[in-house]
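Observations on the three-dimensional arrangement
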Amino acid sequence: MKKCNLKYILVEKAHISKFKSSYEALLNYDTLTVEHNDLILFRLHWENVEVSLVLNDRKEKFEKGKMTTSMSSESSSEEKSEELVDVRLKHCLAYVLHTSGTTGIPKIVRVPHACIVPNIQHFRVLFEVTHEDVLFLASPLTFDPSVVEIFVALSSGASLLIVPTSVKVVPSKLAAVLFSRHRVTILQATPTLLRRFGSHLIKSTVLSTSTSLRILALGGEAFPSLTVLKSWRGVGNKTQIFNIYGITEVSSWATFYRIPEKILNSTLKCELPVQLGFPLLGTVVEVRDTNGVTIQEGNGQVFLGGRNRVCFLDGEMTVPLGTMRATGDFVTIKDGEIFFLGRKDSQIKRHGKRLNLELVQQVAEGLQQVESCAVTWYNQEKLILFMVTKNDLVKDYIFEELQKHLPSHAVPDELVLINSLPFTSHGKVDVSELNKIYLNYINLKSECKLNGKEELWEKLHHLWKSVLNLSEDALKIPDESLFLNNGGDSLKSIRLLSEIENLVGTSVPGLLEIILSSSILEIYNHILQTVFPDKDLTLSKNHAMKRKFSDVTQEETSGKSLHQESVVPLHCDNEINAFIALSRGSQILSLKTDRYLTKLGHCPSDLISQTDIQIRESLNTPPLIGKSEDPSCVVEVSEEETPVIRAEKMEFRVRWRSDTGKCVDASPLVVIPAIDKSSATVYIGSHSRIMMAVDLYSGKLKWEQILGDRIESSACVSKCGNFIVVGCYNGLVYVLKSNSGEKYWMFTTEDAVKSSATVDPTTGLLYIGSHDQHAYALDIYKKKCVWKLKCGGTVFSSPCLSLIPYHLYFATLGGFLLAINPATGDRVWKHSCGKPLFSSPRCCLQYIFIGCVDGNLLCFTHFGEQVWQFSTNEPIFSSPCTSASEQEIFFGSHDCFIYCCSMKGHLQWKFETTSRVYSTPFVFRNHNHTNEMLLAAASTDGKLWILESKSGQLQSVYELPGEVFSSPVVWESMLIIGCRNNYVYCLDLLGDKDNEVQSLEYT
């Protein structure tokens, strides 16, 4: 109120007390005796009144502003003073308004007479306005183009037509009023307002041969394509059409361009964009690059201004004459002509590529069957195209046409037919209303209930064929058919997911990953668990049904384990045991182990030290010392597990294998106590619900514990070393005593937990994600959840902790990468990658890396800025792994290659395997050559690959008798990994010398 120097205010009698109590401390006022219809008039006095601003930063900004002004005035005697325009000067302002916020942050804009008058003067001349013209007041008084419309008419003696809102909202009525009854000659409008008439009405009335309209000036939004514009014009139409451009912050218009008659009358198809044209009177237009340098060619952001084309924004009291304002609009300059590319906020990242929403709209609008359309980025997850069509039966045709004319990352997820486009009072597309329409559309589709399992199976087959572009007459789809093997890709998987969820009327947790990795029968079984949870389901042999999260048995809460053998005494919770913990991706947690690491050959200076805590994310394993600890305990190996290649440099030998009862998709956790490395333990779970602890050297079972459902989460060790933490399909996070397997605590989430926990070595907190779309911070010692954060999608992968800066990174199947404050759970930043993220983020000192199902490896700074992306040919489920020097990144792809990239995103080498690479590679030191670094990786066909990390040269390969989705972990000369033949394996990596010595032991 003070900024506007408000003089009077009307208050309803019923709110007098509230008004006085709210503003008594801020305002001096008189109560006038004028009363009308229960309203009381107050006169306000602003002299000597200091308004306390609510936000401290706003107050500080105001104080800094006063200081700057004071300093400027002091220095003006020494330097040439800057010319300023002062809002406090009498008769300075013409009007004050608020921006709508549809194209940026809402602002208060105070417009001087000197800023807006040049617009009025120029348009009078440009449009050759006379007293015979009729202008339509298309804009509301809250939208600054209305000022131009009003005063161009009044200053020219022309007529100004004002139409009731009830007429404006009915296109047929509005067209009749404007062009039949009142014969409007000049129309300034947004493209959306024009589109609402529909192409038929535009061609037959607005832009007909006999129309009264002389001038059509379109602005406020992206200009329609020339192809569409020409299709709107009737034969022989003579209306002059202008593209006008501007922003409210430099009220109102800045540039104009008249479309040449030659182009409008041409019969040739024109794909050229329409240029912004020439500056209006007193206006300066600049295009600047990302460094703020004015450019004459290329891409940049538009800046607008001019000596007197200056407005006051928000709390500004003085502004230098000639101030240039950033517009947020990006353009390209070609041969001196400026072409609009799109607004900053209409540029989205989808499938790893930048996309301008206006491109999708223009292509759709150019299709013959589309009357008008609008595009939204719904919940930053789905690209939705809303269409007003000439025929209700053209949805499939339009989708096919869009696929022909748009790149794959620009094809909408869904097409929604509507009767007319909703628009705001300013004549722009009402995005919030479109989102409501889409929500209603989803709810309406969900009301179509399925009659039973058989109908679901039939409709799933239909959707499968539709999404994969298979003929409906095609043969029956085999039960074991895989989506990716039948022409599916990440884009089509999203479409199939959307269609299935629309069909069943609810979200199906975990379905996307099933689509991308399992057969159609397993997809069907997974959907059944959500849609018909209480019915007796026939599942495939490899697919276990989820249990209800509340269904925790007495055995689960009793803490009883099947086998308990106390190997290491359980110390009190606050005592930290010295140990090393190894997990997938060469991740090592090392606590209180300086002397131990030195003894084993590690250099403590290689580790990042922080208050007696060392974190190392790339492991240099020590050389193998001596022979195997207990060769007599080695399990006999069957003939089917013989090496497929006997490499000269290295050979695999199975040390032991342990039967878990079902598939082992989890990756091993290896914990080596400092006091006695011979008691090192492997912790791993399987689909059998069994979590087990196995002696690393002998393969002897130490303990096993039955959990509530299948286990795909990899275990994590607590800071003290006394507990093992693992997630489960039943939605529970289990905390087990590491020496016995006894259940210490269980934390309940709302859906399956496949994410693996990460420990914070500074606080002891455990971080983990769930399919319920939340990230959790757990204090296992106090048995409580410290914080919980909704992440905007299922959290499948594992979090990654960075100590400097202190960030926690989570990724979701909704395509979001989030940086979180580990202490508070507050979101630091969020980036939409556009496609699901199954890969776990991995951070180093400078960057964060993550793989995406669109086939890209993405690199970000710790501040959320994308640095680069590296493209493979298929989805990336494998998590990145960095080298010890943090100079290389290793990862696998579904295109069957293992990749090595530099920190700048340049390919160093790639190695072709024989199948998809789902697991995470592991970098380790060759125990025969301490200076040589090797890379262990697995492909899904069961092959284990050992490569030289610098060159990618093959050292050895070994084939397990089952598929492998587990990731390898290497300690000394032993590689540990899970297999889908129900076993966890420990294999010795033998060099030439080792082979000679140990060959006798295996005979």
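Named according to an unreviewed UniProt entry, the protein is Beta-alanine-activating enzyme isoform X3 originating from Odocoileus virginianus. Per its UniProt entry, the protein bears the Sequence similarities (unreviewed entry) comment "Belongs to the ATP-dependent AMP-binding enzyme family."

Okay, the overall build of the protein next. Assigned secondary structure in the protein consists of 20 helices and 60 strands. Every one of the 1003 residues in the protein was classed for burial, and the buried ones make up 57%. Here the contacts in the protein between residues at least 6 apart in sequence split such that 56% fall between residues at least 24 apart. Carbon and sulfur atoms make up 51% of the accessible area of the protein, which amounts to about 43,800 Å² in all.

Another point: the packing of aromatic side chains. Applying the stated criterion to the full structure yields 28 aromatic pairs. Considering the side-chain rings of Phe870 and Tyr899, the 5.6 Å spacing of their centres and the 70° angle between planes classify their relative orientation as edge-to-face. Residue Phe870 is found in strand β49 (residues 866-871), and its partner Tyr899 is found in strand β52 (residues 897-902); the two are separated by 29 residues along the sequence. Here the two residues Phe870 and Tyr899 agree in accessibility, since each one is buried. Ring-pair connections join several aromatic residues into one group, and the members of that group are Phe796, Phe838, Phe877, Tyr918 and Phe965. One Lys or Arg, Arg288, reaches over the ring of Phe303 and ends 4.1 Å from the middle of that ring.

With that settled, consider the nonpolar core. One finds Leu696, Ile946 and Leu975 to be the most contacted residues of the largest nonpolar core, which totals 43 residues. Here the element with the most residues in this core is strand β60 (residues 983-990); it accounts for 6 residues. In this view, Leu696 contacts Arg655, Trp656, Val670, Ala680, Thr681, Val682, Trp971, Met974, Ile976 and Cys986; residues no more than four positions away in its chain are not counted. By size, the runner-up hydrophobic cluster in this structure holds 37 residues, among which are Phe579, Leu589, Leu669 and Phe747.

What follows concerns helix α6 (residues 171-181). One turn of an α-helix holds 3.6 residues; hence residues three or four places apart share an orientation. Within α6, burial applies to Leu174, Ala175, Val177, Leu178 and Phe179. Down the axis of α6, the smallest arc covering the buried residues is 165°, so these residues share one side. For α6, exposure combined with an orientation more than 90 degrees from the buried face picks out Ser180 and Arg181. Along its buried surface, α6 packs onto β7 (134-136), β8 (159-161), α5 (165-168), β9 (186-189) and α8 (198-206). Once α6 finishes, Arg183 follows within two positions and takes phi at roughly 50°, a positive value.

This part is about the environment of Asn379. Mapped onto the secondary structure, Asn379 falls in the loop between β22 (370-378) and β23 (382-389). Between the alpha carbons of Asn379 and Gly792 there is a distance of 8.9 Å; along the sequence they are 413 residues apart.

Turning our eyes to something else, we now look at the pairing of strand β45 (residues 827-832). Pairing geometry for strand β44 (residues 816-820) and β45, over 5 bridges, is antiparallel. When the sheet's bridge partners are listed, Phe816 is paired in β45 with Ser832. Two successive antiparallel strands, β44 and β45, enclose a turn made up of 6 residues, where Gly825 displays a positive phi of approximately 80°.

Okay, unusual backbone geometry next. Cis peptide bonds are those with omega within 30 degrees of zero, and the linkage from Ser251 to Ser252 qualifies with 0°. You can see Ser252 is positioned in the loop between β11 (240-245) and β12 (255-258). The linkage connecting Ile804 with the following residue, Pro805, adopts the cis geometry, with an omega of -5°. With respect to the helices and strands, the residue Pro805 is situated in the loop between β42 (800-802) and β43 (807-811). Positioned with a positive phi, Gln773 is a non-glycine residue whose angle comes to about 75°.

Along the polypeptide, His122 turns up in helix α3 (residues 113-126). The contacts of His122, once residues within four sequence positions are left out, are Phe256, Pro279, Leu280 and Leu281.

Right, let's get into the pattern of salt bridges. All told, the structure shown has 19 salt bridges when counted by the stated rule. Between Arg288 and Glu286 there is a salt bridge, with the nearest N and O atoms lying 3.0 Å from each other. One salt bridge in this structure joins Arg653 and Glu651, with 3.5 Å as the shortest N-O distance. For the pair Arg653 and Glu651, a shared accessibility class is recorded, and that class is buried. If you follow the salt bridges from partner to partner, you end up with Asp665, Glu963 and Arg980 in one network.

Quick look at the confidence of the model for the protein now. Confidence in the prediction of the protein, expressed as mean pLDDT, is 80, and 79% of residues score 70 or more. Below pLDDT 50 for its whole length, residues 48-80 participates in 11 contacts with residues either more than four positions away or in separate chains. Under a pLDDT of 50 for its full length, residues 996-1003 has, in the predicted model, 16 contacts with residues more than four places off or in other chains.

This next bit is on helix α14 (residues 453-467). Compared with the 21 Å implied by 1.5 Å per residue over 15 residues, the 21 Å span of α14 between its first and last C-alpha is a close match. Three or more residues of α14 are buried, namely Glu455, Leu456, Trp457, Leu460, His461, Leu463, Trp464, Lys465 and Val467. At the C-terminal side of α14, Asn469 shows a positive phi close to 55°.

Okay, the sheet that holds strand β53 (residues 907-912) next. A sheet is described by the order of its strands in space; here 4 strands give the open sequence β50-β51-β52-β53, paired in antiparallel fashion. What marks the edges here is a single partner per strand, and that holds for β50 (881-882) and β53. Inspection of the sheet shows strand β51 (residues 888-892) paired to β52 by 5 bridges, in the antiparallel sense. Each bridged residue has a counterpart across the sheet, and for Phe890 the counterpart in β52 is Cys900.

Here we take up the side chain of Asp430. Inspection of the secondary structure assignment puts Asp430 in the loop between β24 (414-417) and α13 (431-446). One buried charge, Asp430, has no salt-bridge partner; the nearest side chain with opposite charge is Lys436, at 7.3 Å. Within polar-contact distance, the side chain of Asp430 engages the backbone nitrogen of Glu433 at 3.2 Å. Setting aside anything within four residues of it in sequence, one finds Asp430 in contact with Pro422, Phe423 and Thr424.

Moving on, we come to the environment of Gln296. Here Gln296 lies in the loop between β14 (284-288) and β15 (298-305). A residue is classified by how much of its surface remains accessible, and Gln296, at 62% relative accessible area, is exposed. For Gln296 and Asp335, which are 39 residues apart along the polypeptide, the C-alpha to C-alpha distance reads 8.5 Å.

Take the packing of α14 against helix α17 (residues 520-531) next. One can describe the packing of α14 onto α17 by two numbers: an axis separation of 11 Å at closest approach and a directional angle of 130°. Here α17 runs oblique to α14, going by the angle between their axes. Read as a crossing pair, α14 and α17 show a hand that is right-handed. In contact with Lys453, Leu456, Trp457, Leu460, His461 and Trp464 of α14, α17 contributes Ile520, Leu521, Ile523, Tyr524, Ile527 and Leu528.

Time to look at the pairing of strand β39 (residues 766-769). Of the two faces of β39, the one carrying Leu766 and Ile768 and the one carrying Tyr767 and Gly769 are both buried. Sheet analysis places strand β38 (residues 758-759) next to β39, joined by 2 bridges and oriented antiparallel. In the sheet register, Thr758 faces β39, and the bridge partner there is Tyr767. In sequence, β38 turns back onto β39 through a hairpin of 6 residues, with Gly764 there showing a positive phi of about 85°. Pairing of β39 with strand β40 (residues 774-779), which is carried by 4 bridges, proceeds in the antiparallel orientation. In the strand pairing of β40, Tyr767 is matched with Ala777. Joining the antiparallel neighbours β39 and β40 is a turn of 4 residues, in which Gln773 adopts a positive phi near 75°.

A few words on the sheet that holds strand β36 (residues 732-737). Taken in spatial order, the 4 strands of this open sheet run β34-β35-β36-β37, and their pairing is antiparallel. In the strand order of this sheet, the two ends are held by β34 (716-717) and β37 (743-748), each with one partner. When β36 meets β37, the two strands line up antiparallel, connected through 5 bridges. Each residue of the ladder has a partner; that of Val733, found in β37, is Phe747.

The next subject is the environment of Gln908. Within the fold, Gln908 resides in strand β53. Overall, Gln908 belongs to the partly exposed group, its relative accessible area being 45%. For the pair Gln908 and Lys950, spaced 42 residues apart in sequence, the C-alpha to C-alpha distance is 8.2 Å. With residues near it in sequence (within four places) discarded, Gln908 still touches Cys900, Cys901 and Ser902.

Procedures and definitions
- Residues numbered from 1 in each chain as written.
- Predicted model: local features only at pLDDT ≥ 70, side-chain atom pairs only at ≥ 80, totals over all residues.
- Heavy atoms only, no water.
- UniProt positions renumbered as here; feature names shortened; annotations may be inferred.
- Helix = DSSP H or I, 4+ residues; strand = E, 2+ residues; numbered from the N terminus.
- Buried < 20%, exposed > 50% of the residue type's maximum accessible area, 1.4 Å probe, protein only.
- Contact = heavy atoms within 4.5 Å.
- Areas by Shrake-Rupley, 256 points an atom, 1.4 Å probe, with all protein chains shown as cover.
- Phe/Tyr/Trp six-rings, centres within 6.5 Å; stacked < 30°, edge-to-face > 60°.
- Lys NZ or Arg CZ within 6 Å of the ring centre and 35° of its normal.
- Core = buried A, V, L, I, M, F, W, Y, C linked by side-chain atoms within 4.5 Å.
- Arc of directions from axis to C-beta.
- Pairing = 2+ DSSP bridges.
- Salt bridge = Lys/Arg side-chain N within 4 Å of Asp/Glu carboxyl O.
- pLDDT = per-residue confidence, 0-100.
- Expected span 1.5 Å × (residues − 1).
- Lys, Arg positive; Asp, Glu negative; His and termini not counted.
- Polar contact = N/O pair within 3.5 Å; in protein donor to acceptor, adjacent residues only side chain to side chain.
- Axes fitted to C-alpha atoms, helices over the stretch in contact; angles between N-to-C directions.
- Parallel < 35°, antiparallel > 145°, perpendicular 65-115°, else oblique.
- Left-handed = near helix turned anticlockwise from the far one by under 90°.

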